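This is what each chain is made of:
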Amino acid sequence: MPSTVGKVIRCKAAVAWEAGKPLVIEEVEVAPPQAMEVRVKIIVTALCHTDVYFWEAKGQTPVFPRIFGHEAAGIVESVGEGVTELKPGDHVLPVFTGECKECRHCKSEESNMCDLLRINTDRGVMLHDGKSRFSINGKPIYHFVGTSTFSEYSVIHVGCLAKINPAAPMDKVCILSCGVSTGLGATLNVAKPPRGSTVAIFGLGAVGLSAAEGARIAGASRIIGVDLNPKRFDEAKKFGVTEFVNPKDHHKPVQEVLTEMTDGGVDRSVECTGSINAMISAFECVHDGWGVAVLVGVPNKDDAFKTHPMNFLNEKTLKGTFFGNYKPRTDLPNVVEMYMRKELELEKFITHEVGLSDINKAFDYMLKGESLRCIIRTDG
Ligand SMILES: [Zn+2]
Ligand SMILES: [Zn+2]
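This write-up is about the structure you can find in this document. These figures come from a predicted structure and were not determined experimentally.

**A short note on the coordination of the zinc ion (ligand 2)**
- Only Cys48 (SG), His70 (NE2) and Cys178 (SG) from the protein reach the zinc ion (ligand 2) as donors, at distances of 2.1 to 2.2 Å.
- Here the donor residues for the zinc ion (ligand 2) map to a single chain with the spacing C-x21-H-x107-C. Taken together, the positions of Cys48 in the loop between β3 (37–46) and α1 (49–56) and Cys178 in the loop between α3 (170–173) and α4 (179–191) put the pair 130 residues apart, joining distant regions of the chain.
- On the basis of relative accessibility, which here comes to 7%, the residue Cys178 falls in the buried class.

In structure tokens form, the structure reads like this:
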């Protein structure tokens, strides 16, 4: 095959022309990567709630036409000027937030909130020149969170690509690029449940079940799932959830129910719903003296967290996390290795699979609440 390096590539992509309207498979032109950019052949991508949220564009500035997609795995096709850490043929996971390795956040061992490449949902262009690398007949098609993986090829900043073990199956590890790492890291890196402890997980979607998977890996002996939808409970057992609480089944606040079930409170809790009331319950249900609650879900704009300060004086700890505290380039390759060593199970998250031409089906599965993760193969 003739080399595509330095040339425009014409390929298929799923374009969102308007908010809430089905995506359309189009032939797009993908420009070569500029300084610090990499052009990636996307092999497999997956649909996450964040794609659906910004596609619906109900609460934020709409940016259209746009190519969504941010959970994926692919192979480097070519690299732009200044890129030294990646070369054609490398296997990578694109990530919606980056690691420039030079800012004060990247240099801090405690932070993963890169100043340069932190998630930006309003920007639809590349940082280097403020332009899009996608076009149709010269008209720009905008990027999404720097990844735009619903395309056979995408151009991504090198700081938003984690280089992974080439032996790792891309149709499994692609889901580590967002949701699963977020929940897993919230438990393993932030809540850090001791072996034998009791962990409550609020919200049993893909992120909550990943948090449960983290608790299982950490050796928690009781994992209590809290969700308003009783249908979630059966599936959750596969992720190590041992007990279920549906707040609708009780007349008292769920934090009181959990406190009674656990002789004074859970050792750790992880909140993955984004509901402000669930956040408060997740904090108030932890044991005094040592309990730690971790917030993962994204709240509404006007929410305020209200609790009695005595809870803090009683030595309950409240924390929050972004992307499971993982630094994308430094840490994700190791999460892939956890899967390769069979410590972490990913197969159970993947409930559906479609080809790129059927991508709208993936949206339907998610909107109906049928799928945890639907993977999308770009060659189909
Ligand atoms: Zn940085
Ligand atoms: Zn996501």
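Moving on, there is more to tell.
**Examining the packing of α4 against helix α5 (residues 206–218)**
- One way to put it is that α4 packs onto α5 with a least axis distance of 7 Å and a crossing angle of 45°. Here α5 runs oblique to α4, going by the angle between their axes. Both α4 and α5 take part in a crossing whose hand is right-handed. Contacts from Gly179, Val180, Thr182, Gly183, Leu184, Thr187 and Leu188 in α4 reach Val207, Ser210, Ala211, Glu213, Gly214, Ala215, Ile217 and Ala218 in α5.
- Residue composition of the contact of α4 with α5, grouped by class: eight nonpolar, six polar and one charged.

**Details of the sheet that holds strand β15 (residues 317–320)**
- With respect to topology, six strands assemble into an open sheet ordered β12-β11-β10-β13-β14-β15, the strand pairing being parallel. Bordering the open sheet on either side are β12 (243–245) and β15, each of which pairs with just one other strand. Strand after strand, the sheet turns through a mean of 20° between neighbouring axes, direction not considered.

**Digging into the nonpolar core**
- Ranked by internal contacts, the top residues of the largest apolar core, which has 87 residues, are Leu93, Phe150, Val173, Leu176 and Leu346.
- Ala72, Val76, Val92 and Cys103 belong to the second largest nonpolar core, which has 17 residues in total.

**A few points about the coordination of the zinc ion (ligand 1)**
- Bound to the zinc ion (ligand 1) on the protein side are Cys100 (SG), Cys103 (SG), Cys106 (SG) and Cys114 (SG), at distances that span 2.3 to 2.4 Å.
- Around the zinc ion (ligand 1), the four donor atoms are arranged such that angles at the metal cover 104 to 117°; this shape is classified as tetrahedral.
- Mapped onto the sequence, the donors of the zinc ion (ligand 1) take the spacing C-x2-C-x2-C-x7-C. Cys106 carries the same exposure label as Cys100, and that label is buried.

**Description of the pattern of salt bridges**
- Scanning all chains against the criterion turns up 28 salt bridges.
- For Lys87, the salt bridge identified is with Asp90, shortest N-O distance 3.0 Å.
- The partner of Lys348 in a salt bridge is Glu345, with the nearest N and O atoms 2.8 Å apart.

**Details of the sheet that holds strand β7 (residues 139–141)**
- One open sheet accounts for four strands, arranged β1-β2-β6-β7; its pairing is antiparallel. Of all the strands in the sheet, the pair left with one neighbour each is β1 (9–15) and β7. If you compare each strand with its neighbour and ignore which way they point, the axes differ by 50° on average.
- In this structure, β1 lies alongside strand β2 (residues 24–30), joined through seven bridges in antiparallel fashion. Bridging across to β2, Ala13 finds its partner in Glu26.

Cut-offs applied
Residues numbered from 1 in each chain as written. Chains lettered and ligands numbered in written order. Predicted model: local features only at pLDDT ≥ 70, side-chain atom pairs only at ≥ 80, totals over all residues. Heavy atoms only, no water. Donors = N, O, S within 2.8 Å, 3.2 Å for Na, K, Ca; no water. Helix = DSSP H or I, 4+ residues; strand = E, 2+ residues; numbered from the N terminus. Buried < 20%, exposed > 50% of the residue type's maximum accessible area, 1.4 Å probe, protein only. Axes fitted to C-alpha atoms, helices over the stretch in contact; angles between N-to-C directions. Parallel < 35°, antiparallel > 145°, perpendicular 65-115°, else oblique. Left-handed = near helix turned anticlockwise from the far one by under 90°. Contact = heavy atoms within 4.5 Å. Nonpolar A, V, L, I, M, F, W, Y, C, P; charged D, E, K, R; others polar. Pairing = 2+ DSSP bridges. Core = buried A, V, L, I, M, F, W, Y, C linked by side-chain atoms within 4.5 Å. Tetrahedral: all angles 85-135°; square planar, octahedral: opposite > 155°, others 65-115°. Salt bridge = Lys/Arg side-chain N within 4 Å of Asp/Glu carboxyl O.

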